[in-house]
Each structure stands twice: as C-alpha cells, then as structure tokens.
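# Structural overview for review
The lines below spell out each chain.
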Amino acid sequence: MAIVDVTVIPIGTETPSVSKYVASVQKVLRKYQEEGKIRFQLTPMNTIIEGELPILLEVIQEMHEAPFSEGIHRVATTIRIDERRDVKHSMEYKVERVTSLLNEE
C-alpha cells in the first residue's frame, strides 16, 4: 500500500485560474475510485491518493495527460511517494496517529 502526493500544473493557461484543469484531473481519480482501485483526497494545494503502487503510477500518468486533453501544451507534475511494506496504514490512520500524540501532552 502506498500514499502518493500529486500536483499537476498546467502551464500556459489563458487565465490564472486552473480550477477547470483540477476538475478534469479529479474526474480521472473519481473513475478509479468508483472501480475500487484507489481512494483519494483533494486538498487546496494537491491531491493525496492511496492504493497499490502500480495502479497509482497508472493513475498519475492519466492525471498528467488530463490537461493535454484540455488543450494545454505543457504540464508539470510533481509526485511524492510514501510506501511502507511492513504494515498497511491508511491516510486517516497517519493523521489520527499524530493527533493522538498531540492529545497526550
């Protein structure tokens, strides 16, 4: 199980707003989630995806392609992968663990 932090940045948009490109990327993620292959969470600055690494890499490639299908000619995508093979922890578990440590103080 891996958790991936992904940011897809369309370059050369007509306006400073990129929300329509974010929406097209989210549609890709929604499709994979409906198929039961991933779970994801949109944040104000990126998207967090959880699943098996080979599937996540497939998803990331499709995410990267989404702005091109919207007419963009250049896209920069950043990826950060956290994979732990000794145990399986969800996105929520990682946050809950830190929160519980803060509450112990």
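Report follows, based on the coordinates. These numbers were taken from a predicted model, which means no experiment stands behind them.

### A closer look at the overall build of the chain
Looking only at helices and strands, the chain features three helices and four strands. Principal-axis analysis of the C-alpha atoms places the extent of the chain at approximately 50 × 30 × 20 Å. Per-residue burial for the chain yields a buried fraction of 30% across its 105 residues. Of all intrachain contacts in the chain linking residues separated by at least 6 positions in sequence, the fraction that spans at least 24 positions is 69%. In the form shown here, the chain has an accessible surface area of approximately 7,100 Å², with 54% of it arising from carbon and sulfur atoms. Here the chain contributes 13 positive and 17 negative side-chain charges, whose respective centroids are spaced 2 Å apart.

### Digging into the nonpolar core
One finds Val6, Leu29, Ile38, Ile49, Val59 and Met63 to be the most contacted residues of the largest nonpolar core, which totals 19 residues. Secondary structure elements with two or more residues in this core: strand S1 (2–11), helix H1 (19–34) and helix H2 (53–69). Considering every element that reaches this core, the biggest residue donor is H2, with six residues. Excluding anything up to four places from it in sequence, Ile38 contacts Leu29, Tyr32, Gln33, Ile49, Glu50, Ile55, Leu56 and Val59.

### What to know about H1
Between the first and last C-alpha of H1 there are 22 Å, a value that for 16 residues agrees with the 22 Å anticipated at 1.5 Å per step. Listing the buried residues of H1 in full gives Tyr21, Ser24, Val25, Gln26, Val28, Leu29 and Tyr32. On the buried face of H1, the contacting elements are S1, strand S2 (38–42), strand S3 (47–51) and H2. One or two residues past the end of H1 sits Gly36, with phi positive at roughly 80 degrees.

### Side note on H2
Relative to the 24 Å expected for 17 residues at 1.5 Å per residue, H2 spans 25 Å between its end C-alpha atoms, a close match to the ideal helical length. Turning to H2, its buried residues are Leu53, Leu56, Val59, Ile60, Met63, Ala66 and Pro67. All buried residues of H2 project into a common sector of 110 degrees when viewed along the axis, lining one side. Exposed and facing more than 90 degrees away from the buried side of H2 are Pro54, Gln61 and Ser69. Buried residues along H2 sit in contact with S1, H1, S2, S3 and strand S4 (74–83).

### A look at the sheet that holds S3
Across the sheet, which stays open at both edges, the four strands sit in the order S2-S3-S1-S4 with antiparallel pairing between neighbours. Unpaired on one side and paired on the other, S2 and S4 mark the two borders of the sheet. The mean inter-strand angle of the sheet, taken between neighbouring strand axes irrespective of direction, is 20 degrees. As paired elements, S1 and S4 share ten bridges and run antiparallel to each other. Note that in S4 the partner of Ile11 across the bridge is Arg74. Across the face of the sheet, H1 comes into contact with S1, S2 and S3 while running at roughly 155 degrees to S2. Lying over the sheet, helix H3 (residues 91–103) contacts S1, S2, S3 and S4, oriented at roughly 55 degrees with respect to S2.

Parameters and conventions
- Residues numbered from 1 in each chain as written.
- Predicted model: local features only at pLDDT ≥ 70, side-chain atom pairs only at ≥ 80, totals over all residues.
- Heavy atoms only, no water.
- Helix = DSSP H or I, 4+ residues; strand = E, 2+ residues; numbered from the N terminus.
- Buried < 20%, exposed > 50% of the residue type's maximum accessible area, 1.4 Å probe, protein only.
- Contact = heavy atoms within 4.5 Å.
- Areas by Shrake-Rupley, 256 points an atom, 1.4 Å probe, with all protein chains shown as cover.
- Lys, Arg positive; Asp, Glu negative; His and termini not counted.
- Charge placed at Lys NZ, Arg CZ, Asp CG, Glu CD.
- Core = buried A, V, L, I, M, F, W, Y, C linked by side-chain atoms within 4.5 Å.
- Expected span 1.5 Å × (residues − 1).
- Arc of directions from axis to C-beta.
- Pairing = 2+ DSSP bridges.
- Axes fitted to C-alpha atoms, helices over the stretch in contact; angles between N-to-C directions.

Fair warning: the whole summary comes from geometry, so function is off the table for now.
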